[in-house]
Amino acid sequence: MRKPWVNALIVKLLGKKIGVGFMKKKLEGFWAKSSVITVADLGNEYFSVKFTRLEYLNLAIMGGPWIILGHYLADRRWEPGFVPEKANIHKVAAWIQLPGIPQEYFEFHFLNFIGNLIGKVLKVDKTTTIGDRGKFVRVCVLLDLSKPLKRKYEVEDNKMKIEYEGLYLICLHYRRYGHSNTTCPDLCRQPPPPNNPKVREMSPESALGVEQNYGVGL
């Protein structure tokens, strides 16, 4: 009964709803070069993806992060008794940016060390390590979205900002993924601040320098 699903994943597109047909088309574009896949809608925005061989499954797991319409595809190994209505995918492979880092630190071992403070390093952008990008470096890490996301790290007593690419639903109040400031239950319950004509209003995103194209620096 379970054997046909040994080489299978359960996936979910974070922050955006799509149909099974569109999902299958995009996944075939990612993975069909290596394997024939079968995609099924499980409900609650989860899909099962069955591969013909184990090595092709491993390529899908290790080859990411996979992005559809600007949103990350989270995945987990298939497991028996999976109930979509009760399930939650906490971990996702995502790119982080480390802007403003001194160029002498564009080195694999240092970037690997910093990345492991934020999550589990999966890979470093190859152009990053030779300094071609200049303004920032990129590291792909496995993030645990059930825990607060780190805001900063230190280099020689300088606090450096961390930016998260493609994670649009981040609460700057709690540093958690899943909702934004405007839908944060606690912030919505707080009374509005008194009007002060001498103070120009700024959103939390503006105050912290949000990069709309890549995510927020928390």
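A brief report on the enclosed structure follows. (Residues numbered from 1 in each chain as written. Predicted model: local features only at pLDDT ≥ 70, side-chain atom pairs only at ≥ 80, totals over all residues. Heavy atoms only, no water.)

**So, the sheet that holds strand β4 (residues 67–68)**
Okay, so step 1: Reading across the sheet, the 5 strands line up as β2-β3-β1-β5-β4 and stay open at both edges, with antiparallel pairing between neighbours. Since the sheet does not close on itself, it has two edges, and those belong to β2 (37–43) and β4, each with one partner.
Okay, so step 2: Two strands pair when backbone bridges link them, and strand β1 (residues 8–13) and strand β3 (residues 46–51) are joined in this way by 5 bridges, in the antiparallel orientation. Bridged to Lys12 within β3 is Tyr46.
Okay, so step 3: Running over the sheet, helix α1 (residues 20–31) touches β1, β2, β3, β4 and β5 (71–77) and is turned about 145 degrees from β2.
Okay, so step 4: Where helix α2 (residues 54–62) meets the sheet, it contacts β1, β3 and β5, and its direction lies at approximately 25 degrees from that of β1. (Pairing = 2+ DSSP bridges. Helix = DSSP H or I, 4+ residues; strand = E, 2+ residues; numbered from the N terminus. Contact = heavy atoms within 4.5 Å. Axes fitted to C-alpha atoms, helices over the stretch in contact; angles between N-to-C directions.)

**Some details on the environment of Arg138**
Okay, so step 1: Mapped onto the elements of the fold, Arg138 is located in strand β8 (residues 136–144).
Okay, so step 2: Sequence separation between Arg138 and Trp95 is 43 residues; the distance between their C-alpha atoms is 6.4 Å.
Okay, so step 3: Among the polar contacts made by the side chain of Arg138, one reaches the side chain of Asp125 at a distance of 3.1 Å. (Polar contact = N/O pair within 3.5 Å; in protein donor to acceptor, adjacent residues only side chain to side chain.)

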